[in-house]
Amino acid sequence: MRVHWTNTAPEHLEAIHDYIARDSTTYARQLVHRLTRKSQQIVNFPFSGRKVPKYDSDRTREVIEFPYRIIYFIKSDRIDVLAVIHGARDILQTPEECD
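These numbers were taken from a predicted model, which means no experiment stands behind them.

**Examining unusual backbone geometry**
In this model, Phe66 is joined to Pro67 through a cis peptide bond whose omega is 5 degrees. Within the secondary structure, Pro67 sits in the loop between strand S3 (60-65) and strand S4 (68-74).

Shown next, in the form of structure tokens:
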């Protein structure tokens, strides 16, 4: 099994990095490293993450690397990382609700 980052997940990491790098490039790099390392850990135990509360799917899971959530979907041959979002953010929120 392997981890596959979907198109949006690396964009999320980049946005997180860029936001934090305004204050500290060192901390931004460290955080992105922790997030990517955490995503690799789920390869060995894909069902160790909790079910995403707002989805009724046993295969949609998340692990926490505080304060971020790494949301992933388990397939037979790989794990798709769908998103990396701040823990306070509602993943089902539409863009209009964010304004």
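**Some points on the environment of Ile64**
With respect to the helices, strands and loops of the structure, Ile64 is situated in strand S3. Sequence separation between Ile64 and Leu35 is 29 residues; the distance between their C-alpha atoms is 8.9 Å.

**Things to note about the nonpolar core**
One broad rule of soluble globular proteins: the nonpolar side chains tend to lie buried together. Of all hydrophobic cores here, the largest spans 20 residues; its most connected members are Trp5, Ile16, Leu35, Tyr68, Val81 and Val84. Put simply, the parts of the chain that give this core at least two residues each are strand S1 (2-5), helix H1 (8-21), helix H2 (25-41), S4 and strand S5 (78-86).

Basis of the calculations
Residues numbered from 1 in each chain as written. Predicted model: local features only at pLDDT ≥ 70, side-chain atom pairs only at ≥ 80, totals over all residues. Heavy atoms only, no water. Helix = DSSP H or I, 4+ residues; strand = E, 2+ residues; numbered from the N terminus. Core = buried A, V, L, I, M, F, W, Y, C linked by side-chain atoms within 4.5 Å. Buried < 20%, exposed > 50% of the residue type's maximum accessible area, 1.4 Å probe, protein only.

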